[in-house]
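# Coordinate inspection notes
Read off the chains here:
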Amino acid sequence: MLTRIDHVMICPPRLDEGIEAYRRLGFDIYPGGVSSNRGIAFHGDDYLELASVSDRATYLAASPKGGLVDFLDRGGGFRFVIVQSDDLASDVHAMRERRVEVSDPTGGSRKTPDGRPLAWKLAVLGPREPLPLLFIQHLTPLVERRAQVPRAGQHPNGVLRTDRVYIAVPDLAAALPRYSRVLGMPAPPVQRGAVIKADMAVFDLGPTGLTVAQPAEPGPAAEALARRGPAPFQVLYRTRSMDAAARWMADHGVPPPARGVRNTGEQAMLVSPEHACGAYIGFVGPA
């Protein structure tokens, strides 16, 4: 079954600048492989991935379709939401039973900077399913994956885990059946997102939520949809302390995040895309 949001992929034009930007936001982030094309910030059970291209010729030789290069040439930003499966072959089979176009699971691997091997299986949606989702099953145990960074889950901003991700769409009524069919879940009820200013529906994946949102008035969702079209635009993180996160950011030159009250009644704050490599980064939790 699909168990949670495994990680998000945000793509800055330059990896070193992306790592520095997220360190200013209080993420304990490190180079994520010997290829020097990614940065990793590990939380409790999920993580943030920054992905870029340091050598275009080498990348294009390995990936002739040039998907990431094309994405970076358009400005980069929040590219994919990666959903975790505990049995990817079975989930792919179930998707195909629902007439979802999806690839067979394919193996992937990389080495950490200190030479530790990491392995996984990945499935991608076909051209008829243009959703910004990938599906992963890890073959390396979680404890070994967390060991790829020196201090997993000890971020200065107090982030504990991904709470929700948000995907902007122009027509929620049209988008929900497609997301429901791909995920194999009934369409959730529509509610108003007070901070993002959108009508939204949240698919609960374990402790995380995948949110599909249609702008209802000017605000983050409308800005993101106008800027990039239908695409993921925000990650909301649960933190130990919003005030501590805000202090860290202020001490590192980040303007005060916008604050608001969620429809759940919780306080939240939101860092704008110009300070987070094209993504809105939200924080929710106790003061």
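Up top is the structure these notes are about.
Thresholds, definitions, all that
- Residues numbered from 1 in each chain as written.
- Predicted model: local features only at pLDDT ≥ 70, side-chain atom pairs only at ≥ 80, totals over all residues.
- Heavy atoms only, no water.
- Pairing = 2+ DSSP bridges.
- Helix = DSSP H or I, 4+ residues; strand = E, 2+ residues; numbered from the N terminus.
- Core = buried A, V, L, I, M, F, W, Y, C linked by side-chain atoms within 4.5 Å.
- Buried < 20%, exposed > 50% of the residue type's maximum accessible area, 1.4 Å probe, protein only.
- Contact = heavy atoms within 4.5 Å.
- Phe/Tyr/Trp six-rings, centres within 6.5 Å; stacked < 30°, edge-to-face > 60°.
- Axes fitted to C-alpha atoms, helices over the stretch in contact; angles between N-to-C directions.

### Digging into the sheet that holds strand 3 (residues 38-42)
The sheet built from eight strands is open, its strands ordered 2-3-4-1-5-8-7-6 with mixed pairing. What marks the edges here is a single partner per strand, and that holds for strand 2 (30-31) and strand 6 (106-111). Summarising the sheet, strand 6 and strand 7 (residues 117-124) pair through six bridges and their orientation is antiparallel. From the neighbouring strand, Ser109 faces strand 7, where its bridge partner is Ala119.

### A short note on the nonpolar core
Counting 56 residues, the largest nonpolar core has Tyr22, Leu133, Phe135, Leu210 and Ile281 as its most contacted members. In terms of residue count, the dominant contributor to this core is helix 6 (residues 172-183) (six residues). Residues contacting Leu210, with those up to four places away along its chain left out, are Ile5, Val81, Val83, Leu133, Val165, Ile167, Tyr179, Ala201, Val202, Phe203 and Leu205.

### Some details on the packing of aromatic side chains
The tally for this structure, following the rule as stated, stands at six aromatic pairs. Between Tyr22 and Phe27, the aromatic rings sit 5.8 Å apart at their centres with planes inclined by 50 degrees, giving tilted as the arrangement. Assigned by exposure class, Tyr22 and Phe27 land together as buried. Seen from their ring centres, Phe27 and Tyr237 are 5.2 Å apart, and the 65 degrees between their planes marks the pair as edge-to-face. Residue Phe27 is located in the loop between helix 1 (15-24) and strand 2, and its partner Tyr237 is located in strand 13 (residues 231-239); the two are separated by 210 residues in the primary sequence. Across the pair, exposure class does not vary: Phe27 and Tyr237 are buried alike. A connected cluster of aromatic rings, assembled from ring pairs, spans Tyr22, Phe27, Tyr237 and Phe283.

### Points about the sheet that holds strand 16 (residues 280-284)
Overall, mixed pairing links the eight strands, which are arranged 10-11-12-9-13-16-15-14 in an open sheet. Looking at which strands have only one partner, the edges of the open sheet turn out to be strand 10 (191-193) and strand 14 (258-261). Direction aside, neighbouring strands of the sheet carry axes that sit 35 degrees apart on average. Both strand 14 and strand 15 (residues 267-271) contribute to a ladder of four bridges, which runs antiparallel.

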